[in-house]
Amino acid sequence: MVIGHRSKCIYQQIIRMLQFSEEGDAERQIVVKFVMQVDNYLKRGGENVYLPDFEYYTPDSIAEACQLLSQFGASAKVIAGGTDLVNKMKKELLAPEVLVSIKNLDQLKKIEYVPGRGVVIGARVTHNELVKSEVLNEKYSSVSNAAQQMAHNQVRNAGTVGGNICNAVPSADLPPIFIAFNATVKLTGVNGERTLALEDLFTGPGKTVMTQDELITEVVIPDQKMTGSNYIKFGLRKSGALAVVGVAVAVQVENNVIKDARVALGAVAATPVRAKKTEDFLKGKEVSDELLAEAGFIATGECKPISDIRASAEYRTDLVRVFTKRALRKAIDEGHV
Amino acid sequence: MSVKVKQDYSYVGKSVTRNDAQLKTTGRAQYTADLKFPNMLYGKLIRSTIAHGRIKNIDTSEAEKLNGVKAIITAKDVPSMKWGLSPARFDENIFAIDKVLYVGDKIGAVCAVDEETVYKALKLIKVEYEELPAVLTVEESKKEGAPQIFEEYPGNVNTEIHHKFGDCDEALKDAYYVRTDRLQGQRTYHAFIENHCSIGMWDGDKATLYSSCQSVHYLQYHIARVLGMKMGNLRVLKTHVGAGFGGKLDPTGLDFSAVILSKMLGQPVKMFYDHEETFLNGHGRHAIGMELTTGVDKNGKILAHKFTAIMDGGAYTGLGIASAYYAGSLLGVLYNIENYQFDCYRYVTNLPPCGAQRGHGQPQPRYAFEHHLDLIGEAIGVDPIDMRLVNARQNNTVTTAGYEVKSYHLGKANEMARDASGWKEKRGKLGVGRGIGVGNGGFVTGAGFCQYRTDLPHSIGMIKIYDDGTQAFVYSQAIDIGQGSDTVLLQMAAEAMGIPYENCKMYAGDTDLSTLDFGAYASRQTLMAGWAVKRAGEEVKQKILEQAVEMFKESGRIKEGWAYIGNRELRPDDLDCKEGIVFVKQEPNLTLTFEEVARKYFVTKGVLIGRGWYHPGKLGGNHKGAAVGTSPAYSSATQIAEVKVDMETGQIECVDTWDVHDSGTIINPKLFHGQVHGAFYMGIGETIWEEVKFDNKGKLLNGNFSEYRLPTALDMPPVLSLTVEDSWEPNGPYGLKEVGEGATTPTMGAVANAIYDAMGVSMTELPITYEKVWRALKDKEKNEKK
Ligand SMILES: Cc1cc2nc3c(=O)[nH]c(=O)nc-3n(C[C@H](O)[C@H](O)[C@H](O)COP(=O)(O)OP(=O)(O)OC[C@H]3O[C@@H](n4cnc5c(N)ncnc54)[C@H](O)[C@@H]3O)c2cc1C
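Residues numbered from 1 in each chain as written. Chains lettered and ligands numbered in written order. Predicted model: local features only at pLDDT ≥ 70, side-chain atom pairs only at ≥ 80, totals over all residues. Heavy atoms only, no water.

### Observations concerning the overall build of chain B
Phase 1 of the analysis: When you go through chain B residue by residue, the secondary structure sums to 20 helices and 28 strands.
Phase 2 of the analysis: By the compact-globule yardstick of 28 Å for 786 residues, chain B fits well, its C-alpha radius of gyration being 28 Å.
Phase 3 of the analysis: Its C-alpha atoms give chain B principal-axis dimensions of roughly 95 × 75 × 45 Å.
Phase 4 of the analysis: Burial statistics for chain B: of 786 residues in total, 65% are counted as buried.
Phase 5 of the analysis: Summarising the internal contacts of chain B: among those between residues at least 6 apart in sequence, 80% fall at separations of at least 24.
Phase 6 of the analysis: Carbon and sulfur atoms make up 50% of the accessible area of chain B, which totals about 28,300 Å².
Phase 7 of the analysis: Taking the average location of the 88 positive side-chain charges in chain B and that of its 98 negative ones, the two points are 1 Å from each other. (Helix = DSSP H or I, 4+ residues; strand = E, 2+ residues; numbered from the N terminus. Rg over C-alpha atoms; globule rule 2.2 N^0.38 Å. Buried < 20%, exposed > 50% of the residue type's maximum accessible area, 1.4 Å probe, protein only. Contact = heavy atoms within 4.5 Å. Areas by Shrake-Rupley, 256 points an atom, 1.4 Å probe, with all protein chains shown as cover. Lys, Arg positive; Asp, Glu negative; His and termini not counted. Charge placed at Lys NZ, Arg CZ, Asp CG, Glu CD.)

Written out as structure tokens, the structure is:
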């Protein structure tokens, strides 16, 4: 473990720490690059102020990480890719005194298919690793496609699945598609592990049921009967735009009849939400354009969007209608896309 | 008719590699913020947190106690002379005196040993205000009894312009069809990637200022004037500049503070903005409310046009006065309009000041006009391109306002764009949700007058040949802000001298070292600095040829009675020099190298220097305000855009674009196409996405690049960029005209017209966002049901 110490100019400090720690894995290189980019950006008169001082720990085991989190309590934060946390610190929305990096926890970096459990995705997997994952491309490329639509390439290289979930931002792109697959998350804390459905994790914007000492360690997509799935992100440009609306669907279709359906909506409520009435409406019905259009209408009743700088509530609501219909059509016709 | 004399040029017309390509692509190019000097200190501005109010007290005591803070200055510590563009509107101080006028207004500056301390100190400064009611929109600003922002602008009217040519009312009476439209533009921002940064330092009574700017000359002029210095005692220079688009032409608080603080402290001082502060510095495009009334005959020929522009100027004037004039001054250039009227009101509001942004004042009025033209065409059943062909200006004409237009091929540009885009097969035939639209535009190639009253020439070029003739050093204060002006100036200098481009090196943008040029604005440098360096190159060549004659004679290689020379002596005009070889024109095997001739010159006569001079002279237009709009040459262009509109969500995708430019000779095709591509990028962005937003307290809401949405690479369509081949401008060196700003002027019209063609609802407010399109389609649906 690198013992934390007070750091003055934090970017230089992080760069040094990353450069001088023993082994040189690719992820570290990427982080170094990212931090250096941020650093250069700052020198050019980047977006904002200096980070407040903090102590920095790099535990070598999950248990150690949880121990640190428990020890420092509310003044400590986990740092994964840092794409969200560092921004918040720069804007002084957060001022953790201790950062616990999970960069040494390589067991959180895998995507693998475990028979009987499903596809297990480690919390430290980056968005671009989702994009490139062979397992996902083969089984659920809708997840890879969702990741591909996120942020920019630079952020996709650094941002992680765990960070995206723990942020609990209503517009986050990964939760809806995971929820459509009825995915679970594994939380590990000083008192051991627990598993819960992802959709039960969120309690409000930025809020989850996680306790201070808990880490997300993995997301599991259980084995599916669903024959198709799709996530549509609607942003106000083609890249680097947060979702104004995100609609994820998974369907089980046999002989043109919908056996099962799950619909999850992002960016239209305080948390990602399931459109359960829409799901119930679809079940057992024969696929038709009219049916899907009707489903879209029903879904509009299941969201509570707000108006903000990006879109009005009215617009978001109508977009839910359109994209529920379109995502269903894609999942029905094209499988897991 | 000006017809291009086809010449066999060595460098003009070639896509030579940019002189800064390696430096920039390898990251070695140094921008102002990269520079470091021994003992350098860092500083930032103290900014107002309210939109309008009196400063009651500034408490700096806590900040001063902070370790590392070197100085904190406010209005009381600096000269109180005001500056601006036109003396009647000098209304800005280095730091606000008594009153702040917008959130972000300059109150003072903090200087410390490092950046971090500066940020910390800023937080410890407490400014107490007496808040005054603020006006945040033109509507509020106009109201009876509205809070007055400046004593000198009663009713908050900062500028009023009334131009009247011919007799509109009379002409409208005879019109076959008359139509009025109202359209609204938005406030946009330059979004250059390098933020402002300035470094000041002193040596005795001489100061040096590094600034990321578009004109070292104007900056030197303004700073010297306000600080009471001799211009010669203030050296202003720049390194590489990460773009400007008009936003680096007005002096900033950083420039003044860097000079003042470095004098006070006896150490170099670097002042810088972050992105949000650059937004607050403002000087971007005005939001213009526009009303247009036009009368046409059966064929769409414009008989009369009335245009009213209501501009939201923000807090100070700066270049905004010129923006106001440019909103209407080129009205009669593109299309031949004999009767027209232009009325403009520029209001002040409690928001960051607006000013020049690529196309200066023109792009929104062009959008309005081009869309209005399509609506007229639709009403009378004339195809949009035919509408434009009927009205397009011709070569060698004089506009109603008296501007002389030499080369002009707008008609040709329309025809070429029509054919290249497949217009005839596409217009009106693409089906619901797809559309194609056209827009025309153009610009001045340099302004006819200096920004302040002076008899100075507009550009001076100088070339010094290195002692052994192997290098040519080209001097000019022209500013390469990324557009590639250094490269094209070197191309023209190399061509004029007849030496390899690779042997030429630029010393630009330094008031001590290089020679006068007014800088990068009004699309002027390629023409004006181009003339200056071309003439300097010609003087070098003349001296070389004279020297070569002497050398040929001395060498005995030219014998009396030799065939070509006959009975007379060899003269310089018997010779020429190309690509470094001096030769006898009638006997091309008789050669000397430029290098040996230049070296001989140096040995026998001293340093070899060429000088060039340019002044546009007296140009057309006599009305008040003619100075904005008069120019030695006018470019024109036609752009066509094809779009897809998602009829359910309002999402717009620009799928293809075409541009045909009438820019005279193209000095460097690659750079030319780059300008066109960039212009589409900006224009498409301003049509669909970009808008600077404020809350109801005047606080900036989107001073960053995630919420101030520029298009991304994925949003950009392919661009086909073509030129009118036989365009040749007699007033431009090598027959050239501008492309930089004019290229942004047709885009919004073209894209907006394509959107109209796709969705069937006229969108009259920029930006045409997805949500606005969605709403318009919903409203249309509702109305149709009724
Ligand atoms: C320019 C930009 C664009 C973006 N665009 C998008 C987008 O399009 N879609 C989108 O969804 N998001 C977007 N984001 C947000 C962000 O990048 C993602 O949410 C990303 O996945 C966050 O992951 P991270 O590893 O960087 O998180 P970090 O910033 O490291 O952490 C985020 C939060 O999660 C906590 N945390 C992280 N990992 C764990 C863990 N394993 N256990 C417990 N707590 C943990 C941290 O303590 C912190 O509170 C964007 C961000 C930026 C800067």
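### Examining the site of the ligand
All names here are of chain A.
Phase 1 of the analysis: Close contacts around the ligand come from 32 residues, with Val78, Thr83, His127, Thr160 and Asp173 the closest.
Phase 2 of the analysis: Within the backbone of Ala80, a nitrogen or oxygen atom sits 2.8 Å from an oxygen atom of the ligand.
Phase 3 of the analysis: For the ligand, whose accessible area on its own is 980 Å², the fraction buried by protein is 89%.
Phase 4 of the analysis: In terms of residue count, helix H9 (residues 161–167) provides more of the shell around the ligand than any other element does, 5 residues in total. (Near = heavy atom within 4 Å. Polar contact = N/O pair within 3.5 Å; in protein donor to acceptor, adjacent residues only side chain to side chain.)

### Comments concerning the interface of chain A and chain B
Phase 1 of the analysis: In this assembly, 31 residues from chain A lie in contact with 36 residues from chain B.
Phase 2 of the analysis: Summed over both sides, the interface between chain A and chain B buries roughly 3,200 Å², with carbon and sulfur atoms accounting for 47% of that surface.
Phase 3 of the analysis: At the boundary of chain A and chain B, one finds 9 salt bridges.
Phase 4 of the analysis: For the salt bridge of Lys238(A) with Glu653(B), the shortest nitrogen-to-oxygen distance reads 2.8 Å.
Phase 5 of the analysis: At the boundary of chain A with chain B, the tally comes to 18 residue pairs in polar contact (both at pLDDT 80 or more).
Phase 6 of the analysis: Broken down by secondary-structure element, the contributors of at least two residues to the side of chain A that touches chain B are helix H2 (26–43) and helix H13 (313–334) of chain A.
Phase 7 of the analysis: Looking at the side of chain A that touches chain B element by element, the count peaks at 9 residues for H13(A).
Phase 8 of the analysis: Taken together, the residues that form the side of chain A that touches chain B break down as 12 nonpolar, 6 polar and 13 charged. (Buried area = accessible area lost by both parts, 1.4 Å probe. Salt bridge = Lys/Arg side-chain N within 4 Å of Asp/Glu carboxyl O. Nonpolar A, V, L, I, M, F, W, Y, C, P; charged D, E, K, R; others polar.)

### Thoughts on the packing of aromatic side chains
Phase 1 of the analysis: For the structure shown, the criterion picks out 31 aromatic pairs over all chains.
Phase 2 of the analysis: Geometrically, the ring pair formed by Tyr218(B) and Tyr521(B) is tilted, given 5.5 Å between the ring centres and 55° between the ring planes. Within this pair, whereas Tyr218(B) is found in helix H6 (residues 216–227), its partner Tyr521(B) is found in the loop between strand S21 (504–508) and helix H16 (525–555), the two being separated by 303 residues in sequence.
Phase 3 of the analysis: Tyr218(B) sits in the buried class, given a relative accessible area of 0%.
Phase 4 of the analysis: Joined through ring pairs, the aromatic side chains of Phe234(A), Tyr315(A), Phe323(A), Trp689(B), Tyr770(B) and Trp774(B) make up one cluster.
Phase 5 of the analysis: The positively charged end of Arg321(A) is found above the aromatic ring belonging to Phe297(A), 5.4 Å away from the centroid.
Phase 6 of the analysis: Lying across the ring of Tyr734(B), Lys534(B) places its NZ or CZ 4.8 Å from the centre. (Phe/Tyr/Trp six-rings, centres within 6.5 Å; stacked < 30°, edge-to-face > 60°. Lys NZ or Arg CZ within 6 Å of the ring centre and 35° of its normal.)

### Digging into the domain arrangement of chain B
When the parts come together, some accessible area is lost, and that loss is often what is quoted as the size of the interface.
Residues and elements named next belong to chain B.
Phase 1 of the analysis: By the assigned domains, chain B splits into domain 1 (21–28 + 458–614), domain 2 (32–132 + 195–241 + 248–281) and domain 3 (287–449 + 621–785).
Phase 2 of the analysis: The C-alpha-based centres of domain 1 and domain 2 are spaced at 41 Å.
Phase 3 of the analysis: With 18 residues of domain 1 at the contact, the number on the domain 2 side is 15 residues.
Phase 4 of the analysis: Between domain 1 and domain 2, the buried area comes to about 1,400 Å², and carbon and sulfur atoms account for 53% of it.
Phase 5 of the analysis: Joining domain 1 to domain 2, the criterion identifies 2 salt bridges.
Phase 6 of the analysis: Across the pair Arg235 and Asp512 runs a salt bridge whose closest N-O atoms are separated by 3.8 Å.
Phase 7 of the analysis: Taken together, the links from domain 1 to domain 2 amount to 6 residue pairs in polar contact (both at pLDDT 80 or more).
Phase 8 of the analysis: The class makeup of the residues in the side of domain 1 that touches domain 2 is 8 nonpolar, 5 polar and 5 charged. (Domains from an automatic or database assignment.)

### Quick word on the sheet that holds strand S4 (residues 99–100) of chain B
Residue and element names in this part refer to chain B.
Phase 1 of the analysis: Spatial ordering of the open sheet is given by S4-S2-S6, a layout of 3 strands whose pairing is antiparallel. Looking along the sheet, the strands with just one partner apiece sit at the ends: S4 and strand S6 (126–131).
Phase 2 of the analysis: Two strands pair when backbone bridges link them, and strand S2 (residues 53–59) and S4 are joined in this way by 2 bridges, in the antiparallel orientation. Bridge pairing in S4 places Arg54 opposite Lys99. (Pairing = 2+ DSSP bridges.)

### Brief notes about the confidence of the model for chain A
Phase 1 of the analysis: For chain A, the mean per-residue pLDDT works out to 89, and 85% of the residues sit at or above 70.
Phase 2 of the analysis: Within the model, the stretch residues 36–48 of chain A combines pLDDT values under 50 with 34 contacts to residues more than four positions away or in other chains. (pLDDT = per-residue confidence, 0-100.)

### Notes on the pattern of salt bridges
Phase 1 of the analysis: Under the criterion given, the structure shown has 66 salt bridges over all chains.
Phase 2 of the analysis: One salt bridge in this structure joins Lys109(A) and Glu129(A), with 3.1 Å as the shortest N-O distance. Highlighted residues: Lys109(A) in the loop between strand S3 (98–101) and strand S4 (111–114) and Glu129(A) in helix H5 (residues 127–132), separated in sequence by 20 residues.
Phase 3 of the analysis: Beyond isolated ion pairs, a larger network of salt bridges with shared partners links Asp318(A), Arg321(A), Lys325(A), Arg326(A), Asp646(B), Glu648(B) and Lys778(B).

### Overview of the packing of helix H11 (residues 363–380) of chain B against helix H12 (residues 384–391) of chain B
All names here are of chain B.
Phase 1 of the analysis: The N-to-C vectors of H11 and H12 enclose an angle of 110°; their axes lie 9 Å apart at closest approach. Between H11 and H12, the angle falls in the class roughly perpendicular. Residue-level contacts link Glu370, Leu373, Asp374, Ile376, Gly377 and Ile380 of H11 to Pro384, Met387 and Arg388 of H12.
Phase 2 of the analysis: When grouped by side-chain class, the residues that make up the contact of H11 with H12 number 5 nonpolar, 1 polar and 3 charged. (Axes fitted to C-alpha atoms, helices over the stretch in contact; angles between N-to-C directions. Parallel < 35°, antiparallel > 145°, perpendicular 65-115°, else oblique.)

### Quick notes on the pairing of strand S5 (residues 106–112) of chain B
Residues and elements named next belong to chain B.
Phase 1 of the analysis: A large share of S5 lies buried, amounting to 7 of its 7 residues.
Phase 2 of the analysis: When strand S1 (residues 41–47) meets S5, the two strands line up antiparallel, connected through 6 bridges. The partner of Ile46 across the bridge, within S5, is Gly108.
Phase 3 of the analysis: As defined by bridge partners, strand S3 (residues 69–74) adjoins S5 across 5 bridges and the pair is classed as antiparallel.

### Re the sheet that holds S1(B)
Residues and elements named next belong to chain B.
Phase 1 of the analysis: Read from one edge of the open sheet, 7 strands run S3-S5-S1-S12-S9-S10-S11, paired in mixed fashion. Pairing within the sheet leaves two strands with one partner each, and these edge strands are S3 and strand S11 (234–237). On average, each strand axis in the sheet is tilted by 20° relative to the strand beside it, whichever way the strands run.
Phase 2 of the analysis: Those strands touched by helix H3 (residues 115–124) are S1, S3, S5 and strand S12 (269–272), and its axis lies near 25° from that of S1.
Phase 3 of the analysis: On the sheet, helix H7 (residues 253–265) packs against S1, S3, S5, strand S9 (197–203), strand S10 (206–211) and S12 and is oriented at approximately 30° with respect to S9.

### Focus: H7(B)
All names here are of chain B.
Phase 1 of the analysis: With 13 residues, H7 extends 18 Å between its outermost C-alpha atoms, agreeing within 8% with the 18 Å of an ideal straight helix rising 1.5 Å per residue.
Phase 2 of the analysis: Burial within H7 is extensive, with 10 of its 13 residues counted as buried.
Phase 3 of the analysis: Here H7 has its buried residues at Gly253, Leu254, Asp255, Phe256, Ser257, Ala258, Val259, Ile260, Leu261 and Ser262.
Phase 4 of the analysis: One or two residues past the end of H7 sits Gly266, with phi positive at roughly 65°. (Expected span 1.5 Å × (residues − 1).)

### Structural notes on unusual backbone geometry
Phase 1 of the analysis: Note that the residue after Leu766(B), namely Pro767(B), is joined by a cis bond; omega there is -10°.
Phase 2 of the analysis: For Pro767(B), the position within the fold is in the loop between helix H19 (747–759) and helix H20 (770–785).
Phase 3 of the analysis: In this model, Ala151(A) sits at a positive phi of 45°, which is unusual for a non-glycine residue.
Phase 4 of the analysis: Topologically, Ala151(A) is positioned in the loop between helix H7 (141–148) and helix H8 (153–158).
Phase 5 of the analysis: Classification of Ala151(A) as partly exposed rests on a relative accessible area of 23%.
Phase 6 of the analysis: Although it is not a glycine, Asn255(A) sits at a positive phi angle of roughly 50°.
Phase 7 of the analysis: Looking at the element boundaries, Asn255(A) is found in the loop between strand S12 (245–254) and strand S13 (257–266).

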